[in-house]
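Take a look at the letters that make up each chain.
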Amino acid sequence: AGAHLQGGSFTSKGPDESQSFANDVYGHGTFVTGIIAAQPNNGKGIAGIAPDAEIYAYRAFTEKEGSVLTMLKALEQAIADGCQIVNLSMGTTASNPRLLAGIQKAQEAGILVVASVGNGNPNLTANYYPAGYEGVIGVGAVDENLERSSFSQTNETVFVTAPGQDLASLSHTDPNSYVLGSDTSYA
């Protein structure tokens, strides 16, 4: 509440309300958004790092399932909406020419692209894309002691690390509670 939030749904399931960008069925987007824009001074427990940010949430996945095509549609909308920063909490170990072209188009539009470097299964050295593309800021996770989180990738796509382990953020099921989570997406 209080944050400027808009967006769109680009999933293969279509535009029904259950797939609305504002109806987070998995919790991942709400958690990331809380880290960024949770409102301060409201008598609740956390404040985001950029509470005045305008958040554009683009649903490109149904839970953890999605495609490069739906992600590219969401990226096109971010370009059209004039977004300045795009956070991509997704990745694949296989480089994809269409994904690369979409990332380059966003960069040419002046968008800073940030992407999680992936969580360590099956191994900790696999390159993840889009974090592995030139000019993308790949983010890995550290714990409260600034030590690499055991799940965070350790390859050349890691440009910077940030806290990403045992973080508190917003719950997608209860607007009055918080949840803990660990993920390179949260870093």
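Residues numbered from 1 in each chain as written. Predicted model: local features only at pLDDT ≥ 70, side-chain atom pairs only at ≥ 80, totals over all residues. Heavy atoms only, no water.

> Can you walk me through the overall build of the chain in this structure?
Secondary structure assignment for the chain yields three helices and ten strands. In the chain, the order of α-helices and β-strands from amino to carboxyl end is β-α-β-β-β-α-β-α-β-β-β-β-β. Taking all 187 residues of the chain together, 40% fall into the buried category. For the chain, the computed accessible surface area is about 10200 Å², with 50% contributed by carbon and sulfur atoms. (Helix = DSSP H or I, 4+ residues; strand = E, 2+ residues; numbered from the N terminus. Buried < 20%, exposed > 50% of the residue type's maximum accessible area, 1.4 Å probe, protein only. Areas by Shrake-Rupley, 256 points an atom, 1.4 Å probe, with all protein chains shown as cover.)

> Quick question: what am I supposed to make of the pairing of strand S6 (residues 112–116) here?
Of all the five residues making up S6, four are buried; the element is thus mostly covered by neighbouring parts of the structure. Looking at chain direction, strand S5 (residues 85–88) and S6 are connected through four bridges and run parallel. Within S6, the position partnered with Asn87 by the bridge is Val114. Once you follow S5 into helix H3 (residues 97–108) and on to S6, the crossover reads as right-handed. For S6 and strand S7 (residues 137–142), the ladder comprises three bridges, and the chain directions are parallel. (Pairing = 2+ DSSP bridges. Right-handed = clockwise from strand over helix to strand, strands pointing away.)

> Any chance you could explain unusual backbone geometry here in plain terms?
Where the residue is not glycine, phi is negative for most of them; where a peptide bond is considered, it is trans in most cases. Backbone torsion omega between Tyr129 and Pro130 reads 25 degrees, so that peptide bond is classified as cis. Inspection of the secondary structure puts Pro130 in the loop between S6 and S7. We note that Asp166 has phi near 55 degrees; this positive angle belongs to a residue other than glycine. Structurally, Asp166 is set in the loop between strand S8 (160–163) and strand S9 (167–170). Note on Asp166: relative accessible area 56%, which makes it exposed.

> Please explain the pattern of salt bridges as it appears in this structure.
Should the charged atoms of two oppositely charged side chains come close, the side chains can pair. Tallied over the full model, the rule gives one salt bridge. The partner of Glu76 in a salt bridge is Lys105, with the nearest N and O atoms 3.0 Å apart. Of this pair, Glu76 sits in helix H2 (residues 68–80) while Lys105 is found in helix H3, placing the two residues 29 residues apart along the sequence. Relative accessible area serves as the criterion here: at 38%, Glu76 is assigned to the partly exposed category. Residue classification places Lys105 among the partly exposed positions, given a relative accessible area of 39%. (Salt bridge = Lys/Arg side-chain N within 4 Å of Asp/Glu carboxyl O.)

> Is there a simple way to think about helix H1 (residues 28–37) in this case?
In an α-helix, one full turn covers 3.6 residues, which means residues spaced three or four apart are oriented alike. The buried fraction of H1 amounts to seven of the ten residues, a majority that puts the element mostly inside the structure. Of all the residues in H1, the buried ones are His28, Thr30, Phe31, Val32, Gly34, Ile35 and Ala37. Where H1 is buried, its residues contact strand S2 (54–59), S5, S9 and strand S10 (178–181). (Contact = heavy atoms within 4.5 Å.)

> Could you clarify how one ought to interpret the sheet that holds S7 in this entry?
Hydrogen bonds along the backbone pair up the strands of a sheet, which may run parallel or antiparallel. The four strands lie next to each other as S5-S6-S7-S8, forming an open sheet whose pairing is parallel. The sheet is open, and its two borders are formed by S5 and S8, each paired with just one other strand. Neighbour-to-neighbour, the strand axes of this sheet turn through a mean angle of 30 degrees, independent of strand direction. As paired strands, S7 and S8 are joined by four bridges and run parallel to one another. (Axes fitted to C-alpha atoms, helices over the stretch in contact; angles between N-to-C directions.)

> So what exactly am I meant to see when it comes to the packing of aromatic side chains here?
Aromatic ring pairs are reported here in terms of the distance separating the ring centres and the angle at which the planes meet. This structure, assessed with the given rule, holds three aromatic pairs. Residues Phe31 and Tyr186 carry aromatic rings whose centres are separated by 4.0 Å and whose planes lie at 25 degrees to one another, so their mutual orientation is stacked. Placement of Phe31 in helix H1 and of Tyr186 in the segment after S10 is noted, with a sequence separation of 155 residues between them. Of the two residues, Phe31 and Tyr186, neither departs from the other in class, the shared state being buried. On the basis of an interplanar angle of 20 degrees and a centroid distance of 6.4 Å, the ring pair of Tyr56 and Tyr58 is categorised as stacked. (Phe/Tyr/Trp six-rings, centres within 6.5 Å; stacked < 30°, edge-to-face > 60°.)

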